[in-house]
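Tertiary structure, described
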Amino acid sequence: MTVDPYEKFWMWMAGVIVATFIGTIAYTARAYTLQPPSHVETIDPAQVMQDPRFATPGVTALPDGRQQVVMVGLRFSWLPPEVHVRARTPVTFRLTSMDVIHGFEVAGTNANTMVVPGYVSQFTTTFDKPGKYLVACNEFCGDGHHLMQAAIVVEGAP
Ligand code: CUA
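Here the structure is a predicted model, which means the values were calculated and not measured.

Some thoughts on the sheet that holds strand S9 (residues 131-136)
Across the sheet, which stays open at both edges, the 5 strands sit in the order S4-S10-S9-S6-S7 with mixed pairing between neighbours. Two strands close off the open sheet at either side, each with one partner strand: strand S4 (82-86) and strand S7 (112-115). Neighbour-to-neighbour, the strand axes of the sheet open up by a mean angle of 20°, direction not taken into account.

Thoughts on the domain arrangement of the chain
Accessible area lost when the parts come together is the quantity often used to give the size of an interface. Looking at the assigned domains, one finds that the chain contains domain 1 (1-34) and domain 2 (45-155). Taking the mean C-alpha position of each, domain 1 and domain 2 sit 37 Å from one another.

Quick notes on the nonpolar core
Ranked by internal contacts, the top residues of the largest apolar core, which has 23 residues, are Trp 78, Phe 93, Phe 104, Val 106, Phe 127 and Ile 152. Every element with two or more residues in this core is listed here: strand S2 (67-74), S4, strand S5 (91-97), strand S6 (102-106), S9 and strand S10 (149-155). Here Phe 93 is in contact with Val 69, Phe 104, Ser 121, Gln 122, Phe 123, Thr 125, Phe 127 and Ile 152, once residues within four sequence places are set aside. Counting residues in hydrophobic clusters, the runner-up holds 6 residues, among them Val 48, Phe 54, Val 72 and Val 120.

What about the packing of aromatic side chains?
Summed over all chains, the structure comprises 7 aromatic pairs. Relative to Phe 104, the ring of Phe 93 lies with its centre 5.5 Å away and its plane at 50°, an arrangement referred to as tilted. Taken together, the residues Phe 93 in strand S5 and Phe 104 in strand S6 connect sequence positions 11 residues apart. Ring geometry for Phe 93 and Phe 123: centres 5.1 Å apart, planes at 20°, overall stacked. Here Phe 123 lies in strand S8 (residues 121-125) and Phe 93 lies in strand S5, a separation of 30 residues in the sequence. Taken as a pair, Phe 93 and Phe 123 share a single burial class, namely buried. Put simply, the rings of Trp 78, Phe 93, Phe 104, Phe 123, Phe 127 and Tyr 133 pair up and form one aromatic cluster.

Reading the values: the criteria
- Residues numbered from 1 in each chain as written.
- Predicted model: local features only at pLDDT ≥ 70, side-chain atom pairs only at ≥ 80, totals over all residues.
- Heavy atoms only, no water.
- Pairing = 2+ DSSP bridges.
- Helix = DSSP H or I, 4+ residues; strand = E, 2+ residues; numbered from the N terminus.
- Axes fitted to C-alpha atoms, helices over the stretch in contact; angles between N-to-C directions.
- Domains from an automatic or database assignment.
- Core = buried A, V, L, I, M, F, W, Y, C linked by side-chain atoms within 4.5 Å.
- Buried < 20%, exposed > 50% of the residue type's maximum accessible area, 1.4 Å probe, protein only.
- Contact = heavy atoms within 4.5 Å.
- Phe/Tyr/Trp six-rings, centres within 6.5 Å; stacked < 30°, edge-to-face > 60°.

And the structure:
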């Protein structure tokens, strides 16, 4: 049985395309630290402010020198609306929502996660450059979606 050369060519090309896609995922996962959400941790969305993990949102310095930022999303703001962290020091974000799905994206960085009611989203990143970073909500959450923002002020000598 003979296979038409064009047929054969495109069969191989299909394989090359699939390999390119898988290679792209593997490369970006390593080079840009793109990862799926790290863990599954649940929370009662109606009791967020009573929950000891989220009762006092803000920045905490951890004993090992890292920083932890706890923030709560609700239509249409983040609590607290501004946090200050140090540059070149790992920051672990812990986020949850009191109502609907929000998106937490720190503009200009690879910090980006969905914030889903009932779950705690967590990721760790390091800001190399001092400055004021905008947090934008990137999941449509209602009338005020475009107003839902916060600021992360990264402090340190440039
Ligand atoms: Cu919150 Cu869009």
